[in-house]
Amino acid sequence: RIATMMMMVSTVAWAGVFLILLSLCISPLHGVTLDFETRISTENGLANLQEGRRLLGLQDYDRAAMHFWRAVMLQSASPNDYTVEEAFQSFVQCFAVQGRTADGFVYIAQESFARKQDDMGRTYLAQALVVDPNHEEALLLQEQLQLVKGPSPTITPSD
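Attention here is on the structure that accompanies the text. What you are looking at is a predicted structure, and each value in this text was computed from that prediction instead of being measured.

1. Quick notes on the pattern of salt bridges
Inspection of every chain in the model, using the stated rule, returns six salt bridges. Across the pair R54 and E51 runs a salt bridge whose closest N-O atoms are separated by 2.7 Å. With R54 and E51 both in helix α2 (residues 45-57) and three residues apart, this pair spans about one turn of that helix. With relative accessibility at 42%, the residue R54 sits in the partly exposed group. The residue R115 makes a salt bridge to E111 at a minimum N-O spacing of 2.5 Å.

2. Some thoughts on the nonpolar core
One recurring pattern in soluble globular proteins is that nonpolar side chains are buried together. Judged by nonpolar contacts, the single largest core of 29 residues is most densely connected at F68, F91, C94 and I108. Taken together, the elements giving at least two residues each to this core come down to α2, α3 (61-74), α4 (84-96), α5 (101-114), α6 (118-131) and α7 (136-149). Residues within four places of I108 in sequence aside, it is in contact with W69, F88, F91, V92 and Y124.

Cut-offs used in this document
Residues numbered from 1 in each chain as written. Predicted model: local features only at pLDDT ≥ 70, side-chain atom pairs only at ≥ 80, totals over all residues. Heavy atoms only, no water. Salt bridge = Lys/Arg side-chain N within 4 Å of Asp/Glu carboxyl O. Helix = DSSP H or I, 4+ residues; strand = E, 2+ residues; numbered from the N terminus. Buried < 20%, exposed > 50% of the residue type's maximum accessible area, 1.4 Å probe, protein only. Core = buried A, V, L, I, M, F, W, Y, C linked by side-chain atoms within 4.5 Å. Contact = heavy atoms within 4.5 Å.

Shown next as structure tokens:
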């Protein structure tokens, strides 16, 4: 019995230590998400634009694109700091310099559809297919849209 009680006390003590250590690891910035690698707030558009520029200069295009896209999404929160066009052009540039413009357009299309901006999504999907008519992701997305939309009704002249 004594051994069982000692094990229970030991387990409770370790659980307490674990909770204390866990509480020390929790970020004091409640409600603010940080990018682990760069410590850039995901809620600060200007900081993301600046980090995107830094990464673009280092030719780290994929990470730069992520920050530019965040800046696009957050621009309305700080309209006097930069324009959405500025962030958007830099986002597209990250793909263009790699010869992956269609990838960028597909990303924009997917994001647009996720935000229920279907017209914008279709526009960028079409642009991706103009740039690369055989782009696998664009063709797959187009196929998925056709499945969701369903077959077009057949119109027959009435007698």
